[in-house]
Amino acid sequence: MSFIVAANWKMFKTPIEAETFFHSFLPQVESLDEKTKVILFVPAVNAWVSSLQLKGTKVSWGPQNIYPAKEGAFTGENSPSVMAEIGATYALIGHSERRSLFGESNDQTNVKIKSVQEFGLSPILCVGESLEERKSGKTIDVLKTQLSEGLKDIEIKKELHIAYEPVWAIGTGEVATTAQVSEAHQFIRQFLQEKFADKASKINILYGGSVKPENSSELSTAKEVGGFLVGGASLKVDSFYSIIEAVTK
Ligand code: PGA
């Protein structure tokens, strides 16, 4: 199974900046083997430049959110069908910023997963507890609800992966300890095995939350870590590539 290193650019980078990033990043990842898979989750405005520049390279890309329909009167939204048509292969679903800032519910993540699968994209579902939930001992309950509602009636089509991102570790510089990551990832793995039986072994569980070049090597030793979802440190070629290098050694 490949180790996935995914970038979440959030609402950063103009198309010109994205192009500049690709020009220095692509030569560096040219020699990666199938043990490492690189995915960039780009702002929708950068979908077209990603489509043109990443075609035929080792780097996959996808949107950070979609509206669950092929087309229609949905002002301001983006279709998974269009993303797939121009070469996206993955879609990020249920990122904690979507949940907390835009009120996205577990039911909505479920509908979005079904929709991206319908149009041939592979979803990466983000789950994770807030600081308050962790402090009150609810981490496992929260993960269980997010997974069972988000994955309700879902089958694995092409690929399906999970990203565990404790909300208190996102963009804060505060990283979960390897023990905390191991505990959450082992619970997620057990949930997936109960739900998908043998097929669960094809699912990577990514960790996200202040992943940096300095901590990536240690975090990759936590149990059941099959990838990273990187925000801030994915915006610069050097730091993002250092993370890839740390896990390919
Ligand atoms: P961060 O973001 O690496 O900046 O903490 C991770 C994410 O939000 O996916």
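Attention in this report is confined to the structure presented alongside it.

### Thoughts on the overall build of the protein chain
For the protein chain, the count of helices and strands is 10 helices and 8 strands. For 249 residues, the compact-globule formula gives about 18 Å, and the C-alpha radius of gyration of the protein chain, at 17 Å, lands near that figure. Overall, the protein chain is about 45 × 45 × 35 Å in size when its C-alpha atoms are taken along their principal axes. Split into buried and exposed, the 249 residues of the protein chain put 53% on the buried side.

### So, the packing of helix α1 (residues 15-29) against helix α2 (residues 47-54)
Running from amino to carboxyl end, α1 crosses α2 at an angle of 25°, the nearest separation of the two axes being 9 Å. Taken together, the axes of α1 and α2 are roughly parallel relative to one another. Classified by chirality, the crossing of α2 by α1 is right-handed. Touching P15, A18, E19, F22, H23 and L26 of α1 are V49, S50, Q53 and L54, all from α2.

### What about the pattern of salt bridges?
Oppositely charged side chains can form a pair if their charged atoms are brought close together. One pass over the full model with this rule turns up 8 salt bridges. As a salt-bridge pair, D33 and K35 come within 3.8 Å of each other at their nearest N and O atoms. We classify K35 as exposed; its relative accessible area is 58%. For R134, the salt bridge is made with E129, and the minimal N-O distance between the two is 2.8 Å. Taken individually, R134 and E129 each receive the classification buried, so the pair is uniform in this respect. Through salt bridges with shared partners, a single ionic network connects R98, E104 and K112.

### Topic: the pairing of strand β5 (residues 122-127)
Taken residue by residue, a regular strand's side chains alternate between the two faces of the sheet. Burial analysis of β5 places 6 of its 6 residues in the buried class, which makes it a mostly covered element. On β5, burial covers both faces: S122, I124 and C126 on one face and P123, L125 and V127 on the other are all buried. Note: strand β4 (residues 90-93) against β5, 4 bridges, orientation parallel. The residue of β5 that forms the bridge with Y90 is S122.

### Focus: the pairing of strand β7 (residues 205-208)
Residues I205 and Y207 line one face of β7 and the alternating positions L206 and G208 line the opposite face, and both faces are buried. As a crossover connection, the stretch from strand β6 (residues 161-164) through helix α8 (residues 178-196) into β7 is right-handed. Pairing geometry for β7 and strand β8 (residues 227-230), over 3 bridges, is parallel. In the sheet register, Y207 faces β8, and the bridge partner there is F228.

### Points about unusual backbone geometry
Even without being glycine, K13 reaches a positive phi, approximately 85°. Within the fold, K13 resides in the loop between β1 (3-8) and α1.

### A few points about the packing of aromatic side chains
Counting across every chain of the model gives 8 aromatic pairs. Measuring from centroid to centroid gives 5.0 Å for W9 and F21, while their planes differ by 75°, and the two rings are edge-to-face. Here F21 lies in helix α1 and W9 lies in the loop between β1 and α1, a separation of 12 residues in the sequence. The same class applies to W9 and to F21, which are both buried. Here the basic side chain of K195 rests over the ring of F196, its NZ or CZ set 5.5 Å away from the ring centre.

### Observations concerning the environment of S100
Along the polypeptide, S100 turns up in helix α4 (residues 96-102). Overall, the relative accessible area of 58% leaves S100 in the exposed class. The spacing of S100 and W9 is 91 residues in sequence and 18 Å in space, taken between C-alpha atoms.

### With respect to α8
Along its 19 residues, α8 runs 26 Å from first to last C-alpha, staying within 8% of the 27 Å computed at 1.5 Å per residue. Among the residues of α8, those classed as buried are V181, S182, A184, H185, F187, I188, R189, F191, L192 and F196. In the core, the buried residues of α8 are packed alongside β5, α7 (139-150), β6, β7 and α9 (213-219). Of the residues trailing α8, A197 is marked for its positive phi of about 50°.

### A closer look at the side chain of Q64
Inspection of the secondary structure puts Q64 in the loop between β3 (59-63) and α3 (80-85). At a separation of 3.0 Å, a polar atom in the side chain of Q64 contacts the main-chain carbonyl oxygen of K10. At 3.1 Å, the side chain of Q64 and the backbone oxygen of F41 are in polar contact. Ignoring any residue separated from it by four or fewer positions in sequence, one finds Q64 in contact with N8, W9, K10, F41, V42, P43, L92 and R98.

Reading guide: rules and limits
- Residues numbered from 1 in each chain as written.
- Predicted model: local features only at pLDDT ≥ 70, side-chain atom pairs only at ≥ 80, totals over all residues.
- Heavy atoms only, no water.
- Helix = DSSP H or I, 4+ residues; strand = E, 2+ residues; numbered from the N terminus.
- Rg over C-alpha atoms; globule rule 2.2 N^0.38 Å.
- Buried < 20%, exposed > 50% of the residue type's maximum accessible area, 1.4 Å probe, protein only.
- Axes fitted to C-alpha atoms, helices over the stretch in contact; angles between N-to-C directions.
- Parallel < 35°, antiparallel > 145°, perpendicular 65-115°, else oblique.
- Left-handed = near helix turned anticlockwise from the far one by under 90°.
- Contact = heavy atoms within 4.5 Å.
- Salt bridge = Lys/Arg side-chain N within 4 Å of Asp/Glu carboxyl O.
- Pairing = 2+ DSSP bridges.
- Right-handed = clockwise from strand over helix to strand, strands pointing away.
- Phe/Tyr/Trp six-rings, centres within 6.5 Å; stacked < 30°, edge-to-face > 60°.
- Lys NZ or Arg CZ within 6 Å of the ring centre and 35° of its normal.
- Expected span 1.5 Å × (residues − 1).
- Polar contact = N/O pair within 3.5 Å; in protein donor to acceptor, adjacent residues only side chain to side chain.

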